[in-house]
Amino acid sequence: MSVVAQFEEGLGHAASEYKAAFDAARDEPALRAANARYTGPSGIVTKLLKLMPELPKEQRRELGQRANRLKEEIESELAARLASLAHAQRAAELSGPALDVTLPGYGVRAGHAHPLTRVKHELLDLFAGLGFDIAEGPEVDLHENNFDRLGFPPDHPATDMQDTFFMQQPPGVSPRATLLRTHTSTVQVREMLRRKPPLAVVSAGAVFRRDDDVTHSPMFMQLEGFMVDEGVSFAHLKGVLTHFLRRLFGQNVPVRFRPSYFPFVEPGGEVDVGCTICRSWELGPRECRVCKNTGFMEILGCGMIHPVVFEHVGYDPERFTGFAFGMGLDRVAMLRYGIAEVGLLYGNDVRFLAQL
Ligand code: PHE
């Protein structure tokens, strides 16, 4: 086939095909790709134009003009189609549903600390405000710090496997050498061994006992406080605790001191506050399963630090006196937030926690 015939055939094909190729293209990239097959660097029309020097002189001008016209025609068709595509897109946007940028967005719900953590910080703050230092103790401690130095006799029931979680020991070490502390009174011993009076310290954290029923959890939270100096008396104990409980539960809440026994205090006592679930002291006697209709909740143990504890930590019991108290933070949280079931505090159900 002659070059002229080849050229004519190429022009004819391109001219008859390109519109169908454009018709098939639905979007801009497809349109541009179709266009490239004709007028791109290796497109059909471009190739024909490159072939021009091989055409016989007499026909070169005429064929060249036809090729250039076709090229221009294709390019203006492309421009027209791009314009109508953009127009159609804009029309679709304008007639579609409106986007209202002033509508409120989806809020991010902020979390908050667990009620026990909040109560813990609140109480530590309160005592810090009274001049107490804040101390920490380990959850695994020595038998000595949890029992012996506090004056527990070796056969005290609390030291029993039934009541306390002991850690596993290597062979040759007493199977009761270390344990999960059963109370935060360990921090009294640790701080007194480390420091000299005058001392006023509070500490809060988890404690562990082999209790597990509806009202007892094997892990719970306590807060311990103590003060040692010359001349510290039971009046100081009563004053500090009464002030603290009124700050926490309100000026009118009844506070009741009862004698009780703990090996590391003498005299020892327990403190009850008016049940804030039934508030019977202002609303009259009522059915209440939290205080079991007594109107009071036991909230802490306390007493004057026993001289034997001072001896064990190297303080002169003739010179120094002190008081100590320990309370369950879950009790405080229940009364503070009006929670009638202790288990709710340990269930970690966000539907419950989000309400506090
Ligand atoms: N450690 C005692 C308990 O766990 C509480 C207590 C602390 C009592 C300090 C007296 C003094 O029950």
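Look above for the structure.
I will try to describe carefully the structure that is included in this document. All values derive from a computational prediction rather than experimental measurement.

1. Quick look at the layout of surface pockets
(1) Moving on: Volume-wise, the second largest pocket comes out at about 170 Å³.
(2) Moving on: Contributing to the lining of the second largest pocket are Arg109, Ala110, Gly111, His112, Ala113, His114, Pro115, Val350, Leu353 and Ala354.
(3) Moving on: Here the lining of the second largest pocket is composed, by residue class, of six nonpolar, three polar and one charged.

2. Some thoughts on the side chain of Gln222
(1) Moving on: Position of Gln222 among the secondary structure elements: in strand β5 (residues 219-229).
(2) Moving on: For Gln222, a relative accessible area of 10% puts it in the buried group.
(3) Moving on: Separated by 2.9 Å, the side chain of Gln222 and the backbone nitrogen of Thr184 make a polar contact.
(4) Moving on: Apart from the residues lying within four places of it in its own chain, the contact partners of Gln222 are His183, Thr184, Ser203, Ala204, Gly205, Val207, Arg209, Met327, Gly328 and Leu329.

3. Here's the deal with the pairing of strand β9 (residues 321-328)
(1) Moving on: Burial runs high along β9: seven of the eight residues are buried.
(2) Moving on: In this sheet, β9 lies alongside strand β8 (residues 296-305) in antiparallel orientation, the contact comprising five bridges. Residue pairing in the sheet places Cys302 in a bridge with Phe325 of β9.

4. Here we look at the nonpolar core
(1) Moving on: Counting 49 residues, the largest nonpolar core has Leu123, Leu223, Phe244, Phe249, Ile299 and Phe325 as its most contacted members.
(2) Moving on: Excluding its chain neighbours within four sequence positions, the residues that come into contact with Phe249 are Val273, Thr276, Ile299, Val332, Leu335 and Arg336.
(3) Moving on: Judged by nonpolar contacts, the second largest core, of 22 residues, contains Phe147, Phe264, Val265 and Val309.

Scoring rules and cut-offs
Numbering of residues begins from 1 in every chain and follows the order in which that chain's sequence is written. In keeping with the model being predicted, local features are shown solely for residues with a pLDDT of at least 70 and side-chain atom pairs are shown and tallied solely at 80 or more, while totals for entire chains, interfaces and linings include all residues. Side-chain descriptors were evaluated using all non-hydrogen atoms of the structure, hydrogens and water having been removed beforehand. Grid points spaced at 1 Å over the protein atoms alone were grouped into cavities, where a 1.4 Å probe fits but cannot get out, and pockets, open sets with protein on both sides within 12 Å along at least five of seven lines, with lining residues defined by an atom within 4 Å of a point. Grid points are joined across faces, edges and corners, and a volume is the space filled by probe spheres set on the points. When residues are sorted by character, Ala, Val, Leu, Ile, Met, Phe, Trp, Tyr, Cys and Pro go into the nonpolar class, Asp, Glu, Lys and Arg into the charged class, and all the rest, Gly among them, into the polar class. Numbering goes from the N terminus for both helices and strands, where a helix is a DSSP run of H or I of at least four residues and a strand is a run of E of at least two. The cut-offs for exposure are 20% and 50% of the maximum accessible area for each residue type, with area from a 1.4 Å probe on protein chains only; residues under the lower value are buried, those over the upper are exposed, and the others partly exposed. For this analysis, a polar contact is any N or O atom pair within 3.5 Å, provided that within protein one partner can donate a hydrogen and the other can accept it, and provided that sequence-adjacent residues contribute only side-chain to side-chain pairs. Contacts: residue pairs with any heavy atoms within 4.5 Å of one another. Following DSSP output, two strands are said to pair if at least two bridges run between them. The criterion is simple. A nonpolar core is a set of buried Ala, Val, Leu, Ile, Met, Phe, Trp, Tyr and Cys residues joined through side-chain atoms within 4.5 Å.

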